[in-house]
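# Understanding the architecture of this molecule
Here are the chains, one letter per residue:
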Amino acid sequence: MGLLDGRVAVVTGAAQGIGLEIARTFVREGARLVIADVNDEAGAKAQDELGGAGVARYVRCDVRDSAAVRSATEIAEDAFGPLGVFVNNAGMTRDSTMRKMSEQDFDDVVAVHLKGAWNGTRVAADRMREHGAGAIVNISSISGKVGMVGQTNYSAAKAGIVGLTKAAAKEVAFRGVRVNAVQPGLVRTPMTEAMPERIWEQKMADIPMGRAGEPSEIASVVLFLASDLSSYMTGAVLEVTGGRLM
Ligand SMILES: NC(=O)c1ccc[n+]([C@@H]2O[C@H](COP(=O)([O-])OP(=O)(O)OC[C@H]3O[C@@H](n4cnc5c(N)ncnc54)[C@H](O)[C@@H]3O)[C@@H](O)[C@H]2O)c1
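Attention here is on the structure that accompanies the text. (Residues numbered from 1 in each chain as written. Predicted model: local features only at pLDDT ≥ 70, side-chain atom pairs only at ≥ 80, totals over all residues. Heavy atoms only, no water.)

Taking 1.5 Å as the rise per residue, helix α3 (residues 66-80) with 15 residues should run 21 Å; its terminal C-alpha atoms sit 21 Å apart, in good agreement. Listing the buried residues of α3 in full gives Ala 68, Val 69, Ala 72, Thr 73, Ala 76, Glu 77 and Phe 80. Residues of α3 that are buried sit in contact with β1 (8-12), β2 (32-37), β3 (56-60), β4 (85-88) and α4 (103-131). The N-terminus of α3 is capped by Asp 65, whose side-chain oxygen sits 3.0 Å from the backbone nitrogen of Ala 67. Residue Gly 81 follows α3 closely and has a positive phi angle near 125°. (Helix = DSSP H or I, 4+ residues; strand = E, 2+ residues; numbered from the N terminus. Expected span 1.5 Å × (residues − 1). Buried < 20%, exposed > 50% of the residue type's maximum accessible area, 1.4 Å probe, protein only. Contact = heavy atoms within 4.5 Å. Polar contact = N/O pair within 3.5 Å; in protein donor to acceptor, adjacent residues only side chain to side chain.)

Laid out in structure tokens, this is it:
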């Protein structure tokens, strides 16, 4: 018996990194899902790795576009059945100090993370309230709790996701829909591997557990929030950081 046997999920940004690991974990636990991403090559590879379109179907979906998010969700329901889980994980960074940051870099990061998570939460909640059950998991960041230099755009968006999670949780709880968030710390993925070694070392120095997290260590907490193990939790924000910035 898997924790998500028979459940239908959408995971945004699941073509690589943390999202792909979440998709792997969900499939292992019995879910079928849509990989919603904009990276066609990685998406197709992820679909093959996870067992093909009958188990995990790649759908091109820019989370900034509400119609695309709605369509990816409809594809999931047509292919697999009523939506039970939606993970808002898609993301990217455009770091620089506020003095040098362009308005475009601010707008783009807020659009992908905050508007993207709002699009996903809204569409998923619409479907789930009809079914009377569902779990939405939003990927924030510890950057949204403490604010990071060079990330006024990203920190603002990730803090915004906390407000979105709590407000949405209050709106849909009476319909059996739960909305929770995870704040990862430093996790080794293509996103963080692009950071200079000097920045890695600064971040590592702040981690009581003395190491970066693995994508699987985020995915297992997302699984907990997506499954009935967390049936009495909504509006919660779980830090998964090895103790960093607690
Ligand atoms: N890696 C970390 O240390 C860390 C820490 C805290 C939070 N996070 C968050 O975890 C999530 C996953 O990060 P990751 O490290 O796996 O990053 P990643 O860059 O490895 O993967 C992000 C995925 O999102 C997709 N994506 C980007 N823009 C998109 C869009 N507009 N529509 C749909 N898909 C889009 C990318 O194609 C990619 O597949 C992000 O929300 C990130 O902010 C990561």
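Once the structure has been displayed, the description carries forward.
What follows concerns the pairing of β2. The buried count for β2 comes to 5 of 6 residues, which makes it a mostly enclosed element. Summarising the sheet, β1 and β2 pair through 5 bridges and their orientation is parallel. Following the sheet pairing, Thr 12 is matched in β2 by Ala 36. Traced from β1 through helix α1 (residues 17-28) to β2, the parallel crossover comes out right-handed. Sheet topology note: the β2/β3 ladder contains 5 bridges and is parallel. Bridge pairing in β3 places Leu 33 opposite Ala 56. With helix α2 (residues 40-49) bridging β2 and the parallel β3, this β-α-β connection has right-handed handedness. (Pairing = 2+ DSSP bridges. Right-handed = clockwise from strand over helix to strand, strands pointing away.)

Once that is clear, we can look at the layout of surface pockets. Of the pockets and cavities examined, the second largest pocket occupies roughly 220 Å³. In this structure, the second largest pocket is lined by 13 residues; those nearest its centre are Thr 121, Arg 122, Ala 125, Ala 168 and Glu 171. If you list the elements that add at least two residues to the lining of the second largest pocket, you get α4 and α6 (152-172). Looking at side-chain class alone, the lining of the second largest pocket contains 8 nonpolar, 1 polar and 4 charged residues. (1 Å grid on protein atoms, 1.4 Å probe; cavity = no way out; pocket = protein on both sides within 12 Å on 5 of 7 lines; lining within 4 Å. Points joined across faces, edges and corners; volume = space filled by probe spheres on them. Nonpolar A, V, L, I, M, F, W, Y, C, P; charged D, E, K, R; others polar.)

Coordinates in, geometry out; function isn't part of it.
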